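Here are the chains, one letter per residue:
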Amino acid sequence: MKSVYVTGVDRIEWVEVDEPTIGSRDVLLAIRACGICGSDAFYAHVGGIPPRQGATPLGHEPAAEVVAIGDEVTGVAVGDHVVIDTMAFSDGLLGSGGAQGALTPHVVVRDFVPGRQLKVIPDEVPWEVAALNEPMAVALHAVNRTQPQPGAKVAIFGAGPIGLGALLGYRRKGAQHIVVVDVIPERLAKALEIGADAVIDSATEDVAARLVELHGDGATAHVRGVRPATDVYLDAAGVAAVPEAVTRMAKHGATLGVVAVHKKPVELDFADILATELNLVWSMGYPTEIFEVTDDIAANWEKYRLIISDVLPFDRALEALALAATPGAADKVTVVFE
């Protein structure tokens, strides 16, 4: 069968691999959809992920159908639609340095444990929406790391898939008012459609001033000057201007969460930050959230579907990867299997 591999530095190609077989404790999955992540382009740029450097199968945002199970398997049945914890495979991280990737027709879950690697989803959820489960878990972990309180005022920088997923996560956590900041008008329009209370175009507007208008003035005797009363900031953009701006505008005791990957060092003035006692937290992966987000996707899949910008068939997977890696060309690209 055909599989998509990183085969060298900045080189992604089709590779023929053997059809998998299963043992008595294994589950065979037919991949039905797989999202393209920004990290896929990073894996290619560095030539793969050790220990599989130079020969790395790609695809870590899958949704699948169970097509065969071993004699000892319980908890799933042939025909079940499932989402997948790609970090729970016994042969390594699926699509992120492990022996298998989800940009291929079939994947084996070896040594299956009920509730560990797979979660069954309703059949009516479209495959491309179900494939959002992994990035939405990343977004939910970012939300959880910032510990929003009910009634919180939130500002999200970056209206890509993670930022929009966080928007939905903050809403579920009871945030009172959520603002999304970006420089692309189409992304801001989508944020409003998905449920943002307001948006800010940081290319044309003064973000701090607009946040004061929207969230009020949070200045105190301890931290003077006009400062937004925003409780939580989330950096889902990955540009230095975001943490630099937030640390200058944050009120006392606010929280800045960083979920975006910054490819260059960021310089922050600790002396300027000290008086605000800004809480700075980091977020990566999904230690517990991979299946926490699933029920909400199933219940609200029409809203989650808005996050997807492009859907391509599996035979155009290389094109899908190139599209996703081109800045500004697409927001969320998903490959579907016929």
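Above this text you will find the structure in question.
Computed from a predicted model, the values in this text were never measured in an experiment.

**Q** I'd like to hear about the overall build of the chain, residue by residue, with values.
**A** Each helix and strand in the chain was counted, giving 11 helices and 16 strands. By its C-alpha atoms, the chain is 70 × 40 × 30 Å across when sized along the principal axes. Taking all 338 residues of the chain together, 53% fall into the buried category. The long-range share in the chain, meaning contacts at least 24 apart out of those at least 6 apart in sequence, stands at 66%.

**Q** Can you lay out the sheet that holds strand E10 (residues 177-182) for me, pointing to particular residues and giving the numbers?
**A** Taking strand neighbours across the sheet as the criterion, the 6 strands line up as E11-E10-E9-E12-E13-E14 in an open arrangement whose pairing is parallel. Each having just a single partner strand, strand E11 (198-201) and strand E14 (279-282) make up the two edges of the open sheet. Between one strand and the next, the sheet's axes are offset by a mean angle of 20°, whatever the strand orientation. The sheet contact formed by strand E13 (residues 255-258) and E14 spans 4 bridges and is parallel. When the sheet's bridge partners are listed, Thr-255 is paired in E14 with Asn-279. Contacts between helix H5 (residues 185-194) and the sheet are confined to E10 and E11, with E11 contributing the most and set at about 170° to the helix.

**Q** An account of helix H1 (residues 38-45) is needed here, citing residue identities and associated values.
**A** Listed in full, the buried residues belonging to H1 are Ser-39, Asp-40, Tyr-43 and Ala-44. The buried residues of H1 all sit within an arc of 150° when viewed along its axis, so they share a single face. Contacts from the buried residues of H1 go to strand E1 (2-8), strand E2 (11-16), strand E3 (27-35) and helix H11 (317-325). With its phi angle positive at about 80°, Gly-47 sits one or two positions after the end of H1.

**Q** Hey, could you go over the side chain of Asp-235 for me, with residue numbers and the actual values?
**A** Among the secondary structure elements, Asp-235 is positioned in strand E12 (residues 232-235). Although Asp-235 lies buried, it forms no salt bridge, and the closest oppositely charged side chain, Arg-187, sits 10 Å away as judged by the N-O distance. At 3.0 Å, the side chain of Asp-235 forms a polar contact with the backbone nitrogen of Ala-237.

**Q** Report on the side chain of Glu-289, specifying residues and quantitative values.
**A** Along the chain, the position of Glu-289 falls in the loop between E14 and helix H9 (294-299). Buried charge without a salt bridge: Glu-289, with Lys-173 as the nearest opposite-charge side chain at an N-O distance of 7.5 Å. Here Asn-144 takes part through its side chain, which lies 3.0 Å from a polar atom of the side chain of Glu-289. Beyond its immediate sequence surroundings of up to four residues, Glu-289 is in contact with Ala-137, Leu-140, His-141 and Asn-144.

**Q** Explain the environment of Lys-251 to me, using residue names and the numbers behind them.
**A** Within the secondary structure, Lys-251 sits in the loop between helix H7 (241-249) and E13. A C-alpha to C-alpha distance of 53 Å links Lys-251 and Val-15, two positions 236 residues apart in sequence. Apart from residues lying up to four places away in sequence, Lys-251 is in contact with Gly-218, Arg-227, Pro-228, Ala-229, Thr-230, Asp-231 and Thr-276.

**Q** A description of the environment of Met-249 should follow, citing residues and the corresponding values.
**A** Mapped onto the secondary structure, Met-249 falls in helix H7. As for Met-249 and Gly-218, which are separated by 31 residues in sequence, their C-alpha atoms are 9.7 Å apart. If we ignore the near neighbours within four places in the chain, the residues touching Met-249 are Val-207, Ala-208, Leu-211, Arg-227, Pro-228 and Tyr-233.

**Q** Lay out the sheet that holds strand E4 (residues 56-57) with the relevant residues and their values.
**A** An order of E2-E1-E4 is seen for the 3 strands of this open sheet, with the pairing classed as antiparallel. Edge positions in the sheet fall to E2 and E4, since each has one partner strand and no second. In this structure, E1 lies alongside E2, joined through 6 bridges in antiparallel fashion. Directly across from Val-4, in E2, lies its bridge partner Trp-14.

What counts, and where the lines are drawn
- Note on numbering: residues in each chain are counted from 1, in written sequence order.
- pLDDT decides what is reported in this predicted model: residues at 70 or higher carry local features, side-chain atom pairs at 80 or more are listed and counted, and totals for whole chains, interfaces and linings draw on all residues regardless.
- Values shown for side chains rest on all heavy atoms present in the structure; no hydrogens or waters enter the calculation.
- Secondary structure counts use DSSP, requiring at least four H or I residues in a row for a helix and at least two E residues in a row for a strand, with both numbered from the N terminus.
- Type-normalised accessible area, obtained with a 1.4 Å probe on protein chains alone, sets the label of each residue: buried when under 20%, exposed when over 50%, and partly exposed for intermediate values.
- It only takes one pair of heavy atoms within 4.5 Å for two residues to be counted as in contact.
- Here, a strand pair is defined by DSSP locating no fewer than two bridges between the strands.
- Comment: axis = line fitted to C-alpha atoms, over the contacting stretch for helices; angle = value between 0 and 180 degrees taken between N-to-C directions.
- The arc in question is formed by the directions pointing from the helix axis toward the C-beta atoms.
- Note that His is not counted, nor are the chain ends; the positive residues are Lys and Arg, and the negative ones are Asp and Glu.
- Only one rule defines a salt bridge in this text: a Lys or Arg side-chain nitrogen within 4 Å of an Asp or Glu carboxyl oxygen.
- Here a polar contact is recorded for every N or O atom pair within 3.5 Å, except that within protein the pair must consist of a potential hydrogen donor and a potential acceptor, and residues adjacent in sequence are included only if both atoms are side-chain atoms.

In short, geometric facts, not functional conclusions.
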